[in-house]
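Here is what each chain is made of, one letter per residue.
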4 protein chains.
Amino acid sequence: MSHNTFGHLFRVTTWGESHGPALGCVVDGCPPGLRFKLEDLQVWLDKRKPGQSRFVTQRREDDLVKVLSGVMMDEDGETMISTGTPISMLIENTDQRSKDYGEIARRYRPGHADYTYDVKYGIRDYRGGGRSSARETAARVAAGGIARLVVPGVTIRGALVQIGKHKINRANWDWTKVDQNPFFAPDPEIVPVWEEYLDGIRKAGSSIGAVVEVVAEGVPAGLGAPIYGKLDQDIASLLMSINAVKGVEIGEGFASAELTGEENADEMRMGNDGKRIFLSNHAGGILGGISTGEPVIARFAIKPTSSILTERQSIDADGHNVDVRTKGRHDPCVGIRAVPIGEAMVACAVADHYLRDRGQTGQQR
Amino acid sequence: MSHNTFGHLFRVTTWGESHGPALGCVVDGCPPGLRFKLEDLQVWLDKRKPGQSRFVTQRREDDLVKVLSGVMMDEDGETMISTGTPISMLIENTDQRSKDYGEIARRYRPGHADYTYDVKYGIRDYRGGGRSSARETAARVAAGGIARLVVPGVTIRGALVQIGKHKINRANWDWTKVDQNPFFAPDPEIVPVWEEYLDGIRKAGSSIGAVVEVVAEGVPAGLGAPIYGKLDQDIASLLMSINAVKGVEIGEGFASAELTGEENADEMRMGNDGKRIFLSNHAGGILGGISTGEPVIARFAIKPTSSILTERQSIDADGHNVDVRTKGRHDPCVGIRAVPIGEAMVACAVADHYLRDRGQTGQQR
Amino acid sequence: MSHNTFGHLFRVTTWGESHGPALGCVVDGCPPGLRFKLEDLQVWLDKRKPGQSRFVTQRREDDLVKVLSGVMMDEDGETMISTGTPISMLIENTDQRSKDYGEIARRYRPGHADYTYDVKYGIRDYRGGGRSSARETAARVAAGGIARLVVPGVTIRGALVQIGKHKINRANWDWTKVDQNPFFAPDPEIVPVWEEYLDGIRKAGSSIGAVVEVVAEGVPAGLGAPIYGKLDQDIASLLMSINAVKGVEIGEGFASAELTGEENADEMRMGNDGKRIFLSNHAGGILGGISTGEPVIARFAIKPTSSILTERQSIDADGHNVDVRTKGRHDPCVGIRAVPIGEAMVACAVADHYLRDRGQTGQQR
Amino acid sequence: MSHNTFGHLFRVTTWGESHGPALGCVVDGCPPGLRFKLEDLQVWLDKRKPGQSRFVTQRREDDLVKVLSGVMMDEDGETMISTGTPISMLIENTDQRSKDYGEIARRYRPGHADYTYDVKYGIRDYRGGGRSSARETAARVAAGGIARLVVPGVTIRGALVQIGKHKINRANWDWTKVDQNPFFAPDPEIVPVWEEYLDGIRKAGSSIGAVVEVVAEGVPAGLGAPIYGKLDQDIASLLMSINAVKGVEIGEGFASAELTGEENADEMRMGNDGKRIFLSNHAGGILGGISTGEPVIARFAIKPTSSILTERQSIDADGHNVDVRTKGRHDPCVGIRAVPIGEAMVACAVADHYLRDRGQTGQQR
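Structure report, in brief. Bear in mind that the values here come from a model prediction, so they are computed numbers and not experimental data.

## Comments concerning the pairing of strand S11 (residues 210-217) of chain C
Residues and elements named next belong to chain C. The buried fraction of S11 amounts to seven of the eight residues, a majority that puts the element mostly inside the structure. Two strands pair when backbone bridges link them, and S11 and strand S17 (residues 296-302) are joined in this way by seven bridges, in the antiparallel orientation. Bridging from a neighbouring strand, Ala216 pairs with Val296 of S17.

Set out below in structure tokens:
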């Protein structure tokens, strides 16, 4: 259980449950001298925030992030400057509906971690999933906001590329559309399809899985290491650490199983400007665990929300057969809100490898 | 670069390149009192060994493992007993053909880590891929041999489930067939299909990707942790650390994107014997990062071998355009030999979480 | 800088400066099922709290600890039960006197970390020493309060054994006296000596060093590891991590340099009750890095407070010679308040090794 | 037990016992492009080697180090160039006298780790102390040889400053004398005193403790971190990891307990050349955990060798009272050979912090 810290030089520790007073994280290893305003962090939390459309949970949380340490305020009273010491951030839980948990407190909801928690810990906070609650991810997103500042010139963006069997048309990909629909869809044509489909899912009290793609542009070549500290390995590890994620791939991913060596090779040429050019990016920006300078591309699959209205067979902690139906406010497709979370995880992995490569001193900036 | 160690309590450090005198690993954290013979480790190395069929590299290596520390010899002069101190294992490189590397020493082979190595390190051992060589995996397989002994009653087996577009028929799955064909195929009917297909690939000097599935049975419920120390996260991280792996999934994996909550829920019932029964295993044996007691199921995709006979466009270290054609003895499908490697990685992850959960003392055994 | 976490399975991350809104820590790896009340933690913070006698800093802080996560409240509304998830604790800074730091903001106070901070970070929070402030230790003491609960039956107590040249008479050692004087002195006869001596130091605006001894009784035999995970090594590391500590010793410590093998050997005999008896404890309860079951004994030396009223020669950030005199509320002997801090560090080290040995599952409790 | 790795970016894993075929280490994180010959490492092993005078153990070991990985050979066939991959080094055990251990196999030698090993592991390699054997330190010294190359311009030297009650006269300190006597004494006048004293100890089959001092010059200012990653903390941890070490101090160390703030302050002035000058170095080159640029000074106390000819009371594994007398070839004062070991540990700590600060890329060199 002592594993709520990730990263080697850019280290993030998160804490908190959905039903305590607050949750948060400590970002340790942030280089000194980074300048940012609270709104530079809040923008990412707002993107992840519940209650923004009918396609996500109706729980209402302001998700306002506070910075408790690790910064000095500049003279404008607004700009914070990192000092190189741990940045502690806190987000209060405001919408903890008091309700009767009596019924589900001892029942194991299928697909949830209820049963495994009880086996492992012998005690379980039944109010909202404990650490496995999606609320924990708010802390990661705050940490990702800091991580984005660490590597100069990097841009990290995510999009939803699949809901159920409905995939986007990659030929329509347009980053400017992503924030103009409730799905973070890069393909405007898929939006009405998803709307109709998800409305059906939602009204049926059902849920559906999804696939998210994250692209990091501007990652300098040379980050990562050949095998156990592979950049793709660390990205995979962090994406897989998000609750409900069941698969991760880099570049061509599972599709590379169907490619020949000729098809998969990213050929190179010298450009007229003397720069090295990759003619394709099947590798997803990483070769031998080390970044090539091309966009780093990662995808991950999110299973359908386990909380559904349909009764499912289960057992309770006392060993009785029961049927479980999960009432409450849930995301019909948790994949939607996973977009900013995936971005944050990739940002943290890239920041970590950047510092391993370049060091942490304030002198070199 | 300082990241050739993995695991938190069961810790493995590997070292060595394909063209040095030897390679090996140090297994730190092995509990005391485990009993094994050299052949119990060698059997796994033999499974990974090159040159065993026409479908894998013709490089000849005996891959004999030596144990240099961490054990006492029992009175039979054969059985080793772990003492709880680091187990150092060494495998000599015997088949290092001397050849003229002059030509490729400064050329970047597409799909290889040549370019990224040069960017990162400014120096590169061009003789065989350095740490990214598949030979490094022999050390992992040796470590996996120890890991298998740590958790009483666990069985970890892998199989090849896809080559190119040709997938096995899961209805034919038969573990007893896996070691009876050169592909580790669990479906006897796919064998002639793959033989014909791979012969074509091989004769064309081409290569093809593949998918491997690893199943761990007998993993006790309760191993892992909710988020950052998820058992699936650590398995994903280690599988992704294998060279050429581009995707990892657990249970339904990417297919879960297309499932509804009703379809994906693993229902439970009490068995007549008072045991808890899962009626399905879409989760792949892990819920909320913690093992359920059901088989742990992981799959990973391996890209096609980058070394192919067809010329590909590239550049060299001096910034000239060149065309590269990789002669030598290569695997037409590296996915085949990845089967025992994947098994080893899953074994190490399970052993590590077992020790985190149960502790490392000799007293409790 | 990314090193504000310590411990391997019982992991503590601290954050916060003396002049921000709050400071705190996250305790990760606490086993589930521990029961405690807030007052069980507060008692240790009160012991460390400033302003309790004229011999410590007159800064006034309530140092009230809040628990934000990782526990469930029992039905009595008072008893917290750990759930195995991270325990986040927060202590507000209440007494941040606003004053003009203009003068010292750019001057390097001798003995302080001002100069080295500027060299390292290129930026420095001059308001109170940043992370090197003694206030950071409040978070450690809170973490130590949790750590004390982890190992059943362990008692960890500290005492001040030397101020300046004035050492206690060990023949007078009486644990019951420690909390009955403002110095945590175990020897009542030294109290008037220290009072008179420290009054002189205090009135002169000077400061003086000290030595603290911590004794952990009830540590089970078998915790630790032979070399790099030695229990004494981890204790030494954590004690040396306390600001102003310049030396650490275990058992006989530096005195062992003057002992012969005959004198230093802790002989053993079987007791009448069949128990193993050590006839002496020169080793300080640790042999070969592993606990013997005898009391674990550690001592550490604290340098005199660097903040003194006498002018000292120094330079400023602009490279000018200046003379520095540190006004403000300071401890004439920081060693006094270091007693509960040292206890907390030993408690954390013992808890960590206990979990490594016994595991973290909730099942075994 | 899984703790045979130290360092965060410059990571060393050691393995091996005194009575196996070999021992060694893996140095992970060494930057690429370092150039050295085997003799550059061997020189340090020779310094630690047994059998060089009558004052150390008469065991005969060549201690020839082999480099198995992580380097390319330069064209001269002699100079190795680090490639940034793990450097595996191996030292064969050549002098393993076969003898009858039957008698001591089950007896607990006082002062040794025999009893604690049995408690912890339930199994013990009685042939020579297992990992607690002084032979393990050969691997550290090899690692230290690499570490010395990492930080440009650094010089790390050690000396013996006390044997029993006989301390050197610091006024006589002369580094050029250290290698001209069998004690690594920097004070020529103490040599005859120690010779006579140690001859007595040796002939009596007794042993005696000692104190070693290590000085690192040329450590750039700015290495380390304020609290948990203090440079002095990491040095203390590594020195305390050496078997038989019972105390560690930095700068004034325990003597600082007797100093006032005025005496202990290291005043500063600007030099005529515009450089910052410290007028003293009570701090031992470290303030607030961060190097000042002044020499880093550490001392450690080594207890007397536990193996002595005089019978001591003890028990055996079966719970019988026994008397133990340790025959064999032992160091009358293990402190002597601890000098190069201490140097190696300081070198590793400094290299690690240098890389944390400056990064590990090959680009910046």
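## Structural notes on the interface of chain A and chain C
Contact residues are listed per partner, giving 46 residues for chain A and 46 residues for chain C. With both sides pooled, the region where chain A packs onto chain C buries about 3600 Å², and carbon together with sulfur makes up 60% of that total. There are zero salt bridges connecting chain A and chain C. The interface formed by chain A and chain C holds eight residue pairs in polar contact (both at pLDDT 80 or more) in total. When residues of the side of chain A that touches chain C are assigned to their parent elements, the largest contribution, five residues, is made by strand S2 (residues 11-16) of chain A. Counted by class, the side of chain A that touches chain C contains 16 nonpolar, 22 polar and eight charged residues.

## A short note on the interface of chain C and chain D
Each partner contributes residues to the interface: chain C has 107 residues there, and chain D has 107 residues. Of the roughly 8400 Å² buried where chain C meets chain D, counting both sides, 58% is carbon and sulfur surface. When the buried surface of chain C facing chain D is broken down by residue, Tyr228, Lys246 and Phe254 of chain C rank first, second and third, together holding 10% of it. There are eight salt bridges connecting chain C and chain D. Of the charged contacts, one joins Asp357 of chain C and Lys120 of chain D as a salt bridge, the two residues approaching to 2.7 Å between their closest N and O atoms.

## Topic: the packing of aromatic side chains
According to the stated counting rule, one finds 26 aromatic pairs over all chains in the structure shown. Ring geometry for Phe183 of chain A versus Trp194 of chain A: centroids 5.7 Å apart, planes at 85 degrees, classification edge-to-face. Here the residue Phe183 of chain A occupies a position in the loop between strand S10 (166-167) and helix H5 (190-203), and Trp194 of chain A occupies one in helix H5, the gap between them amounting to eleven residues. The class for Phe183 of chain A is buried, based on a relative accessible area of 0%. The class for Trp194 of chain A is buried, based on a relative accessible area of 0%. Their ring planes at 65 degrees and their centres at 5.4 Å tell us that Tyr117 of chain D and Tyr121 of chain D sit as a pair that is edge-to-face.

Rules behind the numbers
Residues numbered from 1 in each chain as written. Chains lettered and ligands numbered in written order. Predicted model: local features only at pLDDT ≥ 70, side-chain atom pairs only at ≥ 80, totals over all residues. Heavy atoms only, no water. Buried < 20%, exposed > 50% of the residue type's maximum accessible area, 1.4 Å probe, protein only. Helix = DSSP H or I, 4+ residues; strand = E, 2+ residues; numbered from the N terminus. Pairing = 2+ DSSP bridges. Contact = heavy atoms within 4.5 Å. Buried area = accessible area lost by both parts, 1.4 Å probe. Salt bridge = Lys/Arg side-chain N within 4 Å of Asp/Glu carboxyl O. Polar contact = N/O pair within 3.5 Å; in protein donor to acceptor, adjacent residues only side chain to side chain. Nonpolar A, V, L, I, M, F, W, Y, C, P; charged D, E, K, R; others polar. Phe/Tyr/Trp six-rings, centres within 6.5 Å; stacked < 30°, edge-to-face > 60°.

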